[in-house]
Amino acid sequence: MTIYFYKVNEPYGCFSNFSPHGVFLQDKHWQTVEHYYQAQKFVGTAEATTIIPVIYAVKTPEEAAALGRDCTRQVRPDWEQVKIPVMREAVLQKFLTHKDIQAILLSTGDTILVENSPTDYYWGCGVNKTGQNHLGKILMSIRQQIRSVYTAENCC
Ligand SMILES: Nc1c(N[C@@H]2O[C@H](COP(=O)(O)O)[C@@H](O)[C@H]2O)[nH]c(=O)[nH]c1=O
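Here goes a summary of the coordinates provided. (Residues numbered from 1 in each chain as written. Predicted model: local features only at pLDDT ≥ 70, side-chain atom pairs only at ≥ 80, totals over all residues. Heavy atoms only, no water.)

Counting its regular elements, the protein contains 6 helices and 4 strands. Along the chain direction, N to C, the helices and strands of the protein fall in the order β-β-β-α-α-α-α-α-β-α. For 156 residues, the compact-globule formula gives about 15 Å, and the C-alpha radius of gyration of the protein, at 16 Å, lands near that figure. Projected onto the principal axes, the alpha-carbon positions of the protein cover approximately 50 × 40 × 30 Å. Counting over 156 residues, the protein shows a buried share of 46%. In the protein, of all internal contacts separated by at least 6 residues, the share reaching a separation of at least 24 is 59%. Mean positive and mean negative side-chain charge positions of the protein (15 and 15 charges, respectively) differ by 2 Å. (Helix = DSSP H or I, 4+ residues; strand = E, 2+ residues; numbered from the N terminus. Rg over C-alpha atoms; globule rule 2.2 N^0.38 Å. Buried < 20%, exposed > 50% of the residue type's maximum accessible area, 1.4 Å probe, protein only. Contact = heavy atoms within 4.5 Å. Lys, Arg positive; Asp, Glu negative; His and termini not counted. Charge placed at Lys NZ, Arg CZ, Asp CG, Glu CD.)

Further remarks concern helix 2 (residues 48-57). All of the buried residues along helix 2 are Ala-48, Ile-51, Ile-52 and Ile-55. Mapping the buried residues of helix 2 onto a view down its axis gives an arc of 100°, with all of them on the same face. Facing away from the buried side of helix 2 by over 90 degrees, the exposed positions are Thr-49 and Ala-57. Summarising the contacts, the buried residues of helix 2 are in contact with strand 3 (28-30), helix 1 (33-40) and helix 3 (61-69). (Arc of directions from axis to C-beta.)

A word on the packing of aromatic side chains. One pass over the full model with this rule turns up 8 aromatic pairs. A ring pair is formed by Trp-30 and Tyr-36, whose centres lie 5.4 Å apart and whose planes are at 80°; its orientation type is edge-to-face. Neither Trp-30 nor Tyr-36 differs from the other in exposure class; each is buried. Ring pairs connect the aromatic residues Phe-5, Tyr-12, Phe-15 and Phe-95, which therefore count as one cluster. (Phe/Tyr/Trp six-rings, centres within 6.5 Å; stacked < 30°, edge-to-face > 60°.)

Turning our eyes to something else, we now look at the site of the ligand. Taken together, 15 residues lie near the ligand, and Asn-17, Glu-34, Lys-41, Arg-69 and Glu-115 sit nearest. Between the ligand and Glu-34, the relevant distance is 2.5 Å, taken from an oxygen atom to a side-chain nitrogen or oxygen of the residue. Between an oxygen atom of the ligand and a side-chain N or O atom of Lys-41, the distance comes to 2.7 Å. Starting from 520 Å² of accessible surface for the ligand in isolation, the protein chains cover 85%. (Near = heavy atom within 4 Å. Polar contact = N/O pair within 3.5 Å; in protein donor to acceptor, adjacent residues only side chain to side chain. Areas by Shrake-Rupley, 256 points an atom, 1.4 Å probe, with all protein chains shown as cover.)

With burial as the criterion, only one face of strand 1 (residues 2-5) is covered, namely that bearing Ile-3 and Phe-5; the residues Thr-2 and Tyr-4 on the opposite face remain uncovered. Across 4 bridges, the pairing between strand 1 and strand 4 (residues 112-115) is parallel. Within strand 4, the position partnered with Phe-5 by the bridge is Glu-115. (Pairing = 2+ DSSP bridges.)

Tracing the chain through its elements places His-35 in helix 1. His-35 gets classed as buried once you look at its relative accessible area, which sits at 0%. A distance of 2.7 Å separates the side chain of His-35 from the side chain of Thr-32, its partner in a polar contact. For His-35, the residues in contact, after removing those within four places along its chain, are Trp-30, Ile-55, Tyr-56, Val-58, Lys-59, Thr-60, Pro-61 and Ala-64.

If you want it as structure tokens, here you go:
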């Protein structure tokens with residue numbers, strides 16, 4: 001079985017990085033995982049001190065994503081190497097912080113999770129479902145990580 005998710009207001013919308021679940025990372029409370037993820041693109045760059053506070057403060061994850069995807073700005077040179085660990089850390093923090101959605105994640109058992117983005121073949125599966133689905137893979141790996149902590153705690 002496979003669970004497809006994408007839009008926040010659709011089934012399993014809490015798995016989207018745009019869901020309204022804040023994360024506390026790097027001494028700050030970020031409104032969504034998307035705000036944090038997009039801001040990390042500019043850490044250490046010449047524009048960091050101007051763009052990161054703007055991304056931090058915008059009201060919606062859509063605005064944060066638009067700022068982070070603006071090709072006129074240069075992202076940090078190591079972004080391709082760090083973006084998966086950056087995303088994983090933020091998504092893990094989200095599901096450790098918010099126990100209600102942690103329960104939803106655990107309730108999916110071993111079902112395959114796929115971000116059903118029609119346009120994103122990296123984080124999602126893309127319109128023809130052949131994409132790499134890195135967000136779904138991160139969610140499944142975090143589900144396993146949280147489950148093994150519970151198993152260890154309840155053991156012996
Ligand atoms: N959920 C969701 C999206 N998907 C998210 O977009 C992010 C990828 O950003 P980038 O690496 O900058 O292309 C990543 O968090 C992915 O999960 N995109 C959207 O436009 N709308 C949405 O509702």
